[in-house]
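Given next are the chains, with one letter for each unit.
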Amino acid sequence: MGFLNAFLSLGETSVVLMGAFLIAFIGYALGSVRIRGLCLGTAGVFLVALAFGYLYTLPGLQNIAVLGKFYVEDATHSIVSKYKFLESVGLVLFVTSVGFIAGPNFFRNLKLNAKSYVPLGVIIVGIGAILTVLFALIPGIGSAFSTGVLSGALTSTPAFSAAKAVSQEEGLVALGHAIAYPFGVVGVVLFVQIVPRLLRCDMERERALINMDRIEVHAASRSGKSTLLDEFGFGAFGLAVVLGILLGAVKIPLTGKGFSGACFSLGNTGGPLIVALILGHFGRIGRLSLEIPTKTLHTFRELGLMLFLLGAGVEGGVELVAQLQASQYGAMLILYGFLAGVIMTLLPMIVSYVLARRVFKLQLLNALGSLTGGMTSTPALGTLIDVAGTDNVAAAYASTYPVALVLIVLASNLIGTFLP
């Protein structure tokens, strides 16, 4: 009884933390299960979080003494907002870590392969946009639902925001996004594992090829002439996050309505990523060293990915239930949305991979890295790093991601504006 009383006395924040780390434990256990060599990895956390988000909304849960603490009425509940905060923290930790990891060899890699990375980003988003238009033109579908499916299929929160900003039916945008998002996450995670296995790649050889382009951190930043703020690199990391959030907050109007209409911004994903790439490349500001130990970056990267998937999963589960309950369009629209999302995830991936290998002649890991960037898939990059056994794939992701980010936001805005 003492243990039960202690639990019942817990505040909401403690309940959220307990739920979050329970999801993490079960999610990593699920992600470690291998079936024919394939596993979900950290994406297992997302699926478990999605299930928890659904369970949190079950009617009658609030009447159960212990489980009632977890009950969520709808997506506006304060518990969901706390999971959203975990999602935001995780995303910033992840992309900033990726930026610092990729920074030292990013610009050389970009210079060598820019003619491949930029077109791949255009192709991926272009195919997605064409499919979105075709889907929107089907009688009874419309642009609101279709652009929501696109943002979910490419797991792009900025595109989701842009679609809602120009739509008169935000509920349909949210429904499409919620339906397509789960496969958008899992589909790319499995793809980057399946392709090397199907090709029976010699991963040691592939690693050697991509590692040939590695550039060591500038010797000047390692010398005793520079000043370290702290041995773990937390100070430099904090500086990158602050500057990145400020950069991401800069808005560019996309319509004649100015800042009151739809706007483009790098957000808390693109801003920290770009700043970390720059700081990671130069390694110092004057005498101030910006070096961050590899162990710190790896820890922040994995922790960030876990928190991001955890928060996104719970929020997505609650939102999916809410949208399905509120929908007046029937099961067929939901089925059509799911199938369209699957196609919008798979077709751009497959076409861009074939072009990356056959036309642009990219080495396997660079091709897969650029693909994860073009699909704006944060969890798939984490999986690819594990599959590849090297962080150098992050440079290809970071090269393609900004192109895809800008284009998918523009596409969502234009489709939502000019199609009924």
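This section reports on the structure supplied with the text. (Residues numbered from 1 in each chain as written. Predicted model: local features only at pLDDT ≥ 70, side-chain atom pairs only at ≥ 80, totals over all residues. Heavy atoms only, no water.)

**Concerning the overall build of the protein**
Alright, step 1. Counting secondary structure elements, the protein contains 16 helices and 4 strands.
Alright, step 2. Expected size for 420 residues packed as a compact globule is a radius of gyration near 22 Å; at 22 Å, the protein falls within 12% of this value.
Alright, step 3. Projected onto its principal axes, the C-alpha positions of the protein cover 60 × 60 × 50 Å.
Alright, step 4. For the protein, the proportion of its 420 residues judged to be buried stands at 53%.
Alright, step 5. Here the protein displays about 18,500 Å² of accessible surface, and carbon together with sulfur accounts for 67% of that area.
Alright, step 6. Both charge centroids of the protein, one from 25 positive and one from 19 negative side chains, sit 10 Å from each other. (Helix = DSSP H or I, 4+ residues; strand = E, 2+ residues; numbered from the N terminus. Rg over C-alpha atoms; globule rule 2.2 N^0.38 Å. Buried < 20%, exposed > 50% of the residue type's maximum accessible area, 1.4 Å probe, protein only. Areas by Shrake-Rupley, 256 points an atom, 1.4 Å probe, with all protein chains shown as cover. Lys, Arg positive; Asp, Glu negative; His and termini not counted. Charge placed at Lys NZ, Arg CZ, Asp CG, Glu CD.)

**Focus: the packing of aromatic side chains**
Aromatic rings in a pair are described by how distant their centres are and how their planes are angled relative to each other.
Alright, step 1. Inspection of the entire model under this criterion finds 11 aromatic pairs.
Alright, step 2. Note on Phe135 and Phe145: the rings are 6.1 Å apart at their centroids and 45° apart in plane angle, and the pair reads as tilted. Residue Phe135 is located in helix 4 (residues 78–136), and its partner Phe145 is located in helix 5 (residues 142–153); the two are separated by 10 residues in the primary sequence. For the pair Phe135 and Phe145, a shared accessibility class is recorded, and that class is buried.
Alright, step 3. With centroids separated by 5.6 Å and ring planes inclined at 15°, the aromatic side chains of Phe234 and Phe300 adopt a geometry described as stacked. Taken together, the positions of Phe234 in helix 10 (residues 234–248) and Phe300 in helix 12 (residues 294–326) put the pair 66 residues apart, joining distant regions of the chain. (Phe/Tyr/Trp six-rings, centres within 6.5 Å; stacked < 30°, edge-to-face > 60°.)

**As for the state of the cysteines**
Alright, step 1. Counting across every chain of the model gives 0 disulfides.
Alright, step 2. Left without a disulfide partner, Cys39 is nearest to the cysteine sulfur of Cys201, which lies 17 Å away.
Alright, step 3. Cys39 gets classed as buried once you look at its relative accessible area, which sits at 13%.
Alright, step 4. Judged by relative accessible area, which is 22%, Cys201 ranks as partly exposed. (Disulfide = S-S within 2.5 Å.)

**Notes on the side chain of Ser289**
Alright, step 1. Topologically, Ser289 is positioned in strand 4 (residues 288–289).
Alright, step 2. Relative accessible area serves as the criterion here: at 2%, Ser289 is assigned to the buried category.
Alright, step 3. Of the polar contacts made by the side chain of Ser289, one reaches the backbone nitrogen of Glu291; its length is 3.2 Å. (Polar contact = N/O pair within 3.5 Å; in protein donor to acceptor, adjacent residues only side chain to side chain.)

**Structural notes on helix 4**
In an α-helix, one turn spans 3.6 residues, which is why side chains three or four residues apart end up on the same side.
Alright, step 1. The terminal C-alpha atoms of helix 4, which comprises 59 residues, lie only 34 Å apart, well short of the 87 Å expected from a rise of 1.5 Å per residue.
Alright, step 2. Of all the bends in helix 4, the greatest measures close to 85° and is centred on Asn113. (Expected span 1.5 Å × (residues − 1). Bend = angle between axes of the 7 residues up to and from the residue.)

**Digging into the nonpolar core**
Alright, step 1. Judged by nonpolar contacts, the single largest core of 84 residues is most densely connected at Phe145, Met344, Tyr353 and Val393.
Alright, step 2. Among the nonpolar cores identified, the runner-up in size contains 37 residues, and Tyr56, Phe70, Ile101 and Val314 belong to it. (Core = buried A, V, L, I, M, F, W, Y, C linked by side-chain atoms within 4.5 Å.)

**Observations concerning the environment of Ser156**
Alright, step 1. Relative to the helices and strands, Ser156 resides in the loop between helix 5 and helix 6 (157–166).
Alright, step 2. On a C-alpha basis, the gap between Ser156 and Leu309 in space is 13 Å, while along the polypeptide they are 153 residues apart.
Alright, step 3. Of the polar contacts made by the side chain of Ser156, one reaches the backbone nitrogen of Ala159; its length is 3.2 Å.

**As for the side chain of Thr376**
Alright, step 1. Note that Thr376 resides in the loop between helix 14 (364–374) and helix 15 (378–388).
Alright, step 2. Given the relative accessible area of 5%, Thr376 is considered buried.
Alright, step 3. Apart from the residues lying within four places of it in its own chain, the contact partners of Thr376 are Leu154, Thr155, Ser156, Tyr401, Ala404 and Leu405. (Contact = heavy atoms within 4.5 Å.)

**Quick word on helix 16 (residues 393–418)**
Alright, step 1. In a regular helix each residue adds 1.5 Å, so 26 residues correspond to 38 Å; helix 16 covers 37 Å between its end C-alpha atoms and thus fits that length.
Alright, step 2. At Tyr401, helix 16 shows its maximal kink, close to 30°; a proline, Pro402, follows between one and four residues later.
Alright, step 3. Counting buried positions over the 26 residues of helix 16 gives 19, a clear majority of the element.

**Some words on unusual backbone geometry**
Alright, step 1. Notably, Arg200 is not glycine yet its phi reads approximately 50°, a positive angle.
Alright, step 2. Along the polypeptide, Arg200 turns up in the loop between helix 7 (170–198) and helix 8 (203–211).

**Points about the packing of helix 4 against helix 11 (residues 267–282)**
Alright, step 1. For the pair helix 4 and helix 11, interaxial distance at closest approach is 6 Å and the crossing angle is 35°. Seen along the crossing, helix 4 lies across helix 11 with a hand that is right-handed. Listed contacts from helix 11 to Leu91, Val92, Val95, Thr96, Val98, Gly99, Phe100, Ala102, Gly103, Pro104, Phe106 and Phe107 of helix 4 are Asn268, Thr269, Pro272, Leu273, Ala276, Leu277, Ile278, Leu279, Gly280 and His281.
Alright, step 2. Classifying every residue of the contact of helix 4 with helix 11 by side-chain character gives 15 nonpolar, 7 polar and no charged. (Axes fitted to C-alpha atoms, helices over the stretch in contact; angles between N-to-C directions. Left-handed = near helix turned anticlockwise from the far one by under 90°. Nonpolar A, V, L, I, M, F, W, Y, C, P; charged D, E, K, R; others polar.)

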